[in-house]
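Summary of structural features
These are the residues of each chain, in order.
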Amino acid sequence: MTLNVPTLAAYSIVAPQPWGEQDSKPPELGVWGPSALLNDDLLDQLPPPVVSPLLAQSPQSLLSEGINLYRAERFSEAANTWTDALIASNSEDLTKALLFSNLSLAYQHLGKLDNASISISNSLDILRTLADTTDSADYWETVGKALTTRGRLLWIQGAIEPALDTWRDATAAYHQANYQPGIIRSLINQSKALQTLGLHLQSKTVLKQVAIYLQNTELDVALQATSLWQLGNTQRQFGMLKDSQIYLEKSLDIISNNSELEHLKAPVFLELGNTERARWNRASAINKIKETKIYREAALKAYQEAASFSLRPSTQLQAELNQLSFLIDLEEWDQASTLWPELLSKLDMPPSRSVIYGELNFAHSLTHLMQARENEAYVAQDTIPTWQTIDEILNNAVQQAERLNDPIAKSYGLGQRGSLYEITGQWSKAETFTQKALQLTTTNDYPNGRYRWEWQQGRLLKKQNKQEQAITAYDAAVKTLESIRSNLRFIDTDVQFSFRDNVEPIYREFAELLLIREDSQNPTDDLMDKAIRQIDSLQLSELENFLRCSLAKTTEITTLNTDPNAAILYPMILENHLTVILQLPDKKEFYKTEISKAEVETTLSDLRTYLSESRSGTPEVIPLAKQVYSWLIEPFEEILEQSEEIETLVFVLDGPLRNIPMGVLYDGSEFLIQKYAIAVAPELKLFKPEPLPKNLKVFTGGVGEPQTIEGRMFEPIEKLEDELDIVNELFGPQPPLINQQFQGQTLQEQLSTGEFSGIHIKTHGVFSSDPEETFIVAYNDLLKGDELGSLIQIGSAQGATPIDLLVLSSCSTATGDSRAVLGLAGITVRAGARSTVSTLWDARDNPNTQLMINFYQQLKQPGTTRAKALRNAQLSLIESGYKAPHLWATYVLVGNWL
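To start, this report covers the structure provided alongside it. (Residues numbered from 1 in each chain as written. Predicted model: local features only at pLDDT ≥ 70, side-chain atom pairs only at ≥ 80, totals over all residues. Heavy atoms only, no water.)

**Some thoughts on the packing of helix α4 (residues 113–130) against helix α5 (residues 137–156)**
As a packed pair, α4 and α5 sit with axes 10 Å apart at the nearest point and diverge in direction by 155°. As summarised for this structure, α4 and α5 are arranged roughly antiparallel, according to the angle between their axes. In this structure, α4 meets α5 at a crossing whose hand is left-handed. Across the interface between the two elements, Leu113, Ala116, Ser117, Ile120, Ser123, Leu124, Leu127 and Leu130 from α4 touch Tyr139, Thr142, Val143, Ala146, Leu147, Thr149, Arg150, Leu153 and Ile156 from α5. Looking at the contact of α4 with α5 residue by residue, the class counts come to 12 nonpolar, 4 polar and 1 charged. (Axes fitted to C-alpha atoms, helices over the stretch in contact; angles between N-to-C directions. Helix = DSSP H or I, 4+ residues; strand = E, 2+ residues; numbered from the N terminus. Parallel < 35°, antiparallel > 145°, perpendicular 65-115°, else oblique. Left-handed = near helix turned anticlockwise from the far one by under 90°. Contact = heavy atoms within 4.5 Å. Nonpolar A, V, L, I, M, F, W, Y, C, P; charged D, E, K, R; others polar.)

**Some details on the side chain of Thr648**
Mapping Thr648 onto the fold places it in strand β4 (residues 648–651). On the basis of relative accessibility, which here comes to 3%, the residue Thr648 falls in the buried class. Not counting residues within four places of it along the chain, the set of residues in contact with Thr648 comprises Asn565, Ala566, Ala567, Ala677, Ala867 and Trp897. (Buried < 20%, exposed > 50% of the residue type's maximum accessible area, 1.4 Å probe, protein only.)

**Structural notes on the packing of helix α31 (residues 845–859) against helix α32 (residues 866–879)**
For the pair α31 and α32, interaxial distance at closest approach is 8 Å and the crossing angle is 140°. Relative to α32, the element α31 lies oblique. Here α31 and α32 pass one another in a crossing that is right-handed. Facing Pro847, Gln850, Leu851, Asn854, Phe855, Gln858 and Leu859 of α31, the residues of α32 in contact are Arg866, Ala869, Leu870, Asn872, Ala873, Gln874, Ser876 and Leu877. Tallied by class, residues from the contact of α31 with α32 come to 8 nonpolar, 6 polar and 1 charged.

**Considering the packing of aromatic side chains**
Counted by the stated rule, this structure contains 17 aromatic pairs. Look at Tyr70 and Phe75: their rings are 5.4 Å apart centre to centre, the planes differ by 75°, and that puts the pair in the edge-to-face class. Aromatic side chains Tyr70 and Trp82 sit 5.9 Å apart centroid to centroid with 40° between the ring planes, which places their arrangement in the tilted category. Taken as a pair, Tyr70 in helix α1 (residues 57–71) and Trp82 in helix α2 (residues 75–88) lie far apart in primary sequence, 12 residues in all. Overall, the relative accessible area of 7% leaves Tyr70 in the buried class. In this structure an aromatic cluster arises from ring pairing among Tyr70, Phe75 and Trp82. Positioned over the ring face of Phe309 is Lys265, at 4.5 Å from the centre of the ring. (Phe/Tyr/Trp six-rings, centres within 6.5 Å; stacked < 30°, edge-to-face > 60°. Lys NZ or Arg CZ within 6 Å of the ring centre and 35° of its normal.)

**Comments concerning the pattern of salt bridges**
All chains considered together, the criterion is met by 37 salt bridges. In this structure, Lys587 engages Glu589 in a salt bridge whose closest nitrogen and oxygen atoms are separated by 3.9 Å. For Lys587, a relative accessible area of 35% gives the class partly exposed. Glu589 gets classed as partly exposed once you look at its relative accessible area, which sits at 23%. The partner of Glu647 in a salt bridge is Lys868, with the nearest N and O atoms 2.6 Å apart. Taken as a pair, Glu647 in the loop between α26 (637–642) and β4 and Lys868 in helix α32 lie far apart in primary sequence, 221 residues in all. Here the salt bridges share partners, and the residues they tie into one network are Arg282, Asp770 and Glu772. (Salt bridge = Lys/Arg side-chain N within 4 Å of Asp/Glu carboxyl O.)

Spatial relationships are all this shows, so hold off on functional conclusions.
So, in structure tokens, the structure goes:
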């Protein structure tokens, strides 16, 4: 069971500081690990607030007091103080506009978005009235700050494009004022909005502008260091972890060479620790043992450095809390048991939101420690916490939130107490606290918290066998989640926000609740429809999480009228069941197998291992392929045989099933590919089936020369020209780009002509659930997945020609990565391609070339769909002597199968 802990950086946009504060600290930019506070070492180093002489003494005093309260994260008190200052201010001037802008910021932190909207509108109204009477730097700086605040509000509300436009206007205003910190921050905000909209190359271009600005502009060293810090954090949020490390280390280099910046060392080391921890997490997910050891040591060292260099107790505590939670992730139980009592004595600090979140995250770590102890995962060498100790910490956090009048922090505290009582089986108390937490998030328009407590409420009802009420609660959680999903991408998935912990289980648990009934009866069609929507939503969320952009503009397939000859299968791996929904053009069927998730995953892992081996025949494949056939196909054999019109099976695959080519499933005498054409759809809304255009024009290119790039060796591809020349002869309007010609710039130039509706690339490549490990090989370069996808997307957009078919020949998925096919699906979606053909493991050059040529020859035949063309090419390979599944089963068609 995973606890729900605050992830305040869900909206980690670089916000303006309240007026009167020097802009030397990136607000809200600290990564929120499972136990983290704000990076606030800079606060004590700031000079006194600069106060406008336009104010009378009383408003001056209130302005300063409000700024200090805001910096202490006592947002409700800051809002009240600035409200008093506004009452005392009579003239419509710059200072009043700034007070309204500051007030909007405080309301945003408190989740009071209606009040925030009114306040920022008042600020901008005042600035509009002053536009004809002033053109000073102070005026334009104020405009920039107000627009930045408005952009942040739009972002929170999910209006990403208006937020982007507003931040562009803010950048222009800051240029008018020559206000360097504002220029840098608003550009970074623009890059985040562009990334969310899926405009990855444009986003990177903006970040390059920031880097060039930092390099070519004379900035004081403090701004240089903090700007590099901001860039490092932004890169981590984009999943560009190596770049994040580089920027943060550059910041540390500047800090180390300037004694006046010593106060910055601890918070930057803390961020470096979070980045290294993210790299460890990613390397662990794809089973890179050597790298995990390196990143583990680097993260722990950085946390220790942050604690030792800290000039503020709160930053030292944050570093140690991050270290504790990381030790628990590493299952270093003895070290964690030794560390936690030291931290307990350090929690007594003046209340602030950071301190409250530190307590909540500390309680979260202790809960995991307790669970590990009770599950006998370790034998404690020292003292261990008690459930009562954890509850006292949470109760204290709630009381502090009440004193600060901070409803969001209070909601998290109450909700986490509910989660604690859920773990200990005290249902009544758990429901009471969950309901209180839910009421606060509803009142304060804070959906990022609301979906957590709706989910928690659903779990509690399910555990008490209140199935219909649980369905209602889960349904509400999913709807809330859908409304905020675009903002979840910047909660930094690798450190402070785990997609697998905080989103994926909701869809899985809801689908299980819908499909596995108390009365053991099969679900109704309505329930199956709803379960299919959860499976689709899970697939969509996984792709969005991988791509770090919104896929909201999709086309939903509600019927199979587009292809009456196709059946769709939705298998789903649940905790104790493997369920399959078969959707035919006129009906649905359901089957479940009682089997543990662990047994299914072991079987699939073994099958994938044997399939990818090249030894002759690989006899171990057959019994495992037969076992998977018995789970997915055998229950529906009779129904499918009776549906004589069914020629294609489309699989919406779950988890490790994606790593298995469905054509290899074996009924005892035939492989599935010998019965049906097969396609894989990661999420049907993204791939509305439409036939290939009659005048398909295919771009061809690739690299066959041996190369060593970034320490990786790539073997020669002997049949490069043999394959590309024939594909080009069949469908190509231009000669192939080969070897030295196959580079990013040349590729973009050709694709941007808009002549192509198909792309065939023959080169080495790897698809992985790690975006940085997803690439194809160009000449002396690796084109990462987002680069390739964006190049194709830009080309097809400029030519107004959609890419109907993308073929990636000689590529493979990453070994040891159970979610590697996300990389292949991600390239397909990012490129805007309607379908992609590729391989799951390395294909031998001769049979691969033979299959690819046959595939295109099949496409030339009238009425042949993509799925049928691939099937026929695979059957031809088998008939020509390549009978081992390793040779013919590696090919998959992702997306549109017509």
